[in-house]
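Chain by chain, the residues run as shown.
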Amino acid sequence: MAEADIAYVATAGAAGLALAVSAWALRLRAQLNATVQAAQGQRAEAVSALGRYDGLLRAFDDVNLALTPEGAAAGPAVGPPELIARLAGVETQAGEAVLTRLRQTHADQLDALVREGQVFDGLIALDEVEPWRIEGRVAGGAAWLRLSPASSVTLTGMDAAESGLALLGDASPVPTWVVDGAGRLAWANRAWLVQVGADSLEQAVEKGLSFDRGADALVAEAGRLGVRQEGFRWTTGGGHRRAWRIVAEPAGGGAVTAFALDATEAEETRDTLRRHVEAHDETLNHLADAVAIFGPAKRLAFHNTAFQTLFDLDPAWLDERPTHAELLDRLRQRRRLPEVVDYAGWKARELDFYGAAQASPDDSWSLPDGRTLRVVRQPHPLGGILLIFSDITGELQLRSRYNAQIQVQTATLDKLNDAVAVFGSDGRLRLHNEAFETFWNLSGDRIAAAADFDALAELCKAVLPDPALWLGLKARVADPDPESRVAISGEGRTNDGRVAAWQTRPLPDGATLVAFSDVTARRGLEQALVQREQALAESQALKREFVGSVSYELRTPLTTIVGYSELLETLGDLPERSRQHAGAIRIAASQLARSIDDVLDMAQIDAGEMELSLGDVRVCDLLAQAAEKVRPKVEGRGATLTVACPTDLKPIRADHHRIGQALDHLLENAARAVSEGGAVSLSAEGTPSEVRLSVSDTGRGIPYHLQPHVFDRFVRRERGGPGVALALVKALVELHGGWAEVESEPGKGAIFILHLPISAAPVAAAPELQLEPTPGRA
């Protein structure tokens, strides 16, 4: 191709390329203009939206702040100027100022928000006006903070519930506080501050005050686990001990809201109830009756000691809380239930009591071992059933014995001859016997109709019309004064001439027994006895006078006989035989005179006219004198006489003559009883209170049937004599305040013992001879 062609072609190509480039440039410019116009439109819309969003953020009562990835403020805080001024004071530095204050309490939450995108919210005290709510969120790859006053927050749903703590917490009487994620106190209401003794939150933070260490541990556990925690704590403050129920609720971002609910009253009530239950259980344990309580599930909830003892059950098994059915089965195995034919039906009826609305009538169980139990079933106020078992075996036995005794007493009263009536303290007739109806001639129906004392007295006045008597009896029956309820007695005469004796006796139960008896025959007999006694006294006086007169009349001729017989014995020209006769007459006359003297002494003692001449008597000398008097008679019968007397025996206070007289009679009695080769002994023995004088012989003794009567007067004995001497011995010893006894075995002799006091009783002596002072005189 030629160069011109090449140039043409090149020129044409360049022209076409230029045209093409121009067309492309025009087209590209058109597109660029369209893009610029679209971008300008979008910018205008963005600026408009940004203005709306900025106005929106400033229109509400909250402050928003964006954070850089390093955690610094991405710009100024956005919000109403007055709120920003409350937070920072200077609007241009509001972002950094707010962050500086927030890092004092929420540094960990801010770092977690920027680095890891962990959202959080909570309450914080940023000024002295009110708490602020802080929220940390992530949006558009940036971290945002939102702060709003608690008073300006208007939320619904869960937000409103969460913000309620800020609105109500400060005025709530419940101590409430908020701990941030770092475990530091972020906020507390007034109740919490009062409880810990702080004036403000800053003071509490500065002093490191805490509600309770246990509560702090519970709050820390809730923040660590992010799970609600509850606990119970006791605190002491202001001189009072209080119980608190601590509730720790996680609030997000590691913060925890804690509540301290006052449970003091509930705990005190629970403690009082516990003590009451324990006291109730302790009281039931001291009851003699067996008590068992089954709960609504029909399991044993409580039993006292008497229940375990009554049925002899294993305490460990009872502590396992068996069911009612299991208990019945165990009792049946141990034969502690009544023997029934249909046990299944009986058991079902026992368990049906759980549905009863009211207590069932008392039941009784007769056990195979012979015991009888009273069973009481009643619904328990807390559900279930209460069972009470009482062993009434002894009660039934006592009741049976009581009824038998009542029947015996009634039958006994009916057998009495006296008319007996018993009145209660209310004056009503309780019981009477058949003799009461007969005595007053009243029927049982009339007596039953007149039940009180006044009505019965009106019926009885027809027989014994003595108003004073019935008025006095009413005072004894109805008057509750103890001085009026004394036993009294008296007599009266009925209209038919009977003599009625009456008496009252107060009974232990407040009742009064009134008894009437017909003593007409008794009074007649007593009058006859009085007359007989008077006649007997007169005859005794006549007898004593006769005995005295006869004795005196006999003593005169006996004195003459004794005198002349002694004179005859002295005559020298009298034959020996006549002299012996005169001696026999003298001896017989002397014995007769002595017997007469004994009779006179007995008469004087019977009349109470004998007086003792008391003095100091040496017992050994008295025994020696008495022995010398009787020794010739004893030795004349071929027997021996011995005297035994301690040398240290002290003198006694007695009548020397009368004691010697008693010894003479005993020695003469022994001399008559002893035979040849026998022995008579006279002895004395002293004790601290008396002296015993004994006269014994080896004669033939006294038969057993005569020994009780040996000291009786005028009883003829085989040993001779009219029986006055031994009776006189006994009377003389008793006159000294002593007593006499005899010991004898037939064929082996007899022993007569005189018990004489150291000092004779002064009443037996003449007044002028009472040398010792009497009681009551100086």
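Small disclaimer: the values here were computed from a predicted structure and weren't measured.

**Topic: the confidence of the model for the protein chain**
In this model, the protein chain carries a mean pLDDT of 79, and residues with pLDDT of at least 70 account for 84%. Across residues 153–165 the pLDDT falls below 50, and counting only partners more than four positions away or on other chains, this stretch makes 17 contacts in the model. Here residues 763–778 is a poorly scored stretch, pLDDT under 50, and it has 17 contacts once near neighbours within four places are set aside; other chains count.

**A look at the state of the cysteines**
Each disulfide consists of a covalent bond between the sulfur atoms of two cysteine residues. As enumerated under the stated definition, the model contains one disulfide in all. Note on cysteine connectivity: Cys620 is disulfide-linked to Cys645, with sulfurs 2.0 Å apart. Taking the torsion about the S-S bond as the criterion, the Cys620 to Cys645 disulfide, at about -80°, is left-handed. In this pair, Cys620 sits in helix H20 (residues 619–636) while Cys645 sits in the loop between strand E21 (640–644) and strand E22 (652–654), placing the two residues 25 residues apart along the sequence. Judged by relative accessible area, Cys620 falls into the partly exposed class, the value being 26%. Residue Cys645 is classed as partly exposed on the basis of its relative accessible area of 23%.

**A word on the sheet that holds strand E12 (residues 363–366)**
An order of E11-E10-E14-E13-E12 is seen for the five strands of this open sheet, with the pairing classed as antiparallel. Each of the sheet's edge strands pairs with one partner strand only, and the pair in question is strand E11 (300–303) and E12. Strand-to-strand, the axes of this sheet are offset by a mean angle of 25°, without reference to chain direction.

**Thoughts on unusual backbone geometry**
Positive phi, close to 55°, is recorded for Arg321, a residue that is not glycine. Tracing the backbone shows Arg321 in the loop between helix H10 (315–319) and helix H11 (324–333). Here Arg321 falls in the partly exposed class, since its relative accessible area comes to 45%. If you check the backbone angles, Asn441 has positive phi at about 55° while not being a glycine. By the element assignment, Asn441 lies in the loop between helix H14 (434–440) and helix H15 (444–449).

**Some points on the packing of aromatic side chains**
One pass over the structure, following the stated rule, counts 19 aromatic pairs. Arranged with centres 5.3 Å apart and planes meeting at 25°, the rings of Trp177 and Phe211 form a pair that is stacked. On the criterion of sequence distance, the pair formed by Trp177 in strand E5 (residues 176–179) and Phe211 in the loop between helix H6 (201–207) and helix H7 (213–225) is long-range, its members being 34 residues apart. You can call Trp177 buried: its relative accessible area is 2%. In textbook terms, an aromatic cluster arises when at least three aromatic residues are bridged by ring pairs, as seen for Phe423, Phe436, Phe439, Trp440, Phe453, Trp470 and Phe516.

Cut-offs applied
Residues numbered from 1 in each chain as written. Predicted model: local features only at pLDDT ≥ 70, side-chain atom pairs only at ≥ 80, totals over all residues. Heavy atoms only, no water. pLDDT = per-residue confidence, 0-100. Contact = heavy atoms within 4.5 Å. Disulfide = S-S within 2.5 Å. Helix = DSSP H or I, 4+ residues; strand = E, 2+ residues; numbered from the N terminus. Buried < 20%, exposed > 50% of the residue type's maximum accessible area, 1.4 Å probe, protein only. Pairing = 2+ DSSP bridges. Axes fitted to C-alpha atoms, helices over the stretch in contact; angles between N-to-C directions. Phe/Tyr/Trp six-rings, centres within 6.5 Å; stacked < 30°, edge-to-face > 60°.

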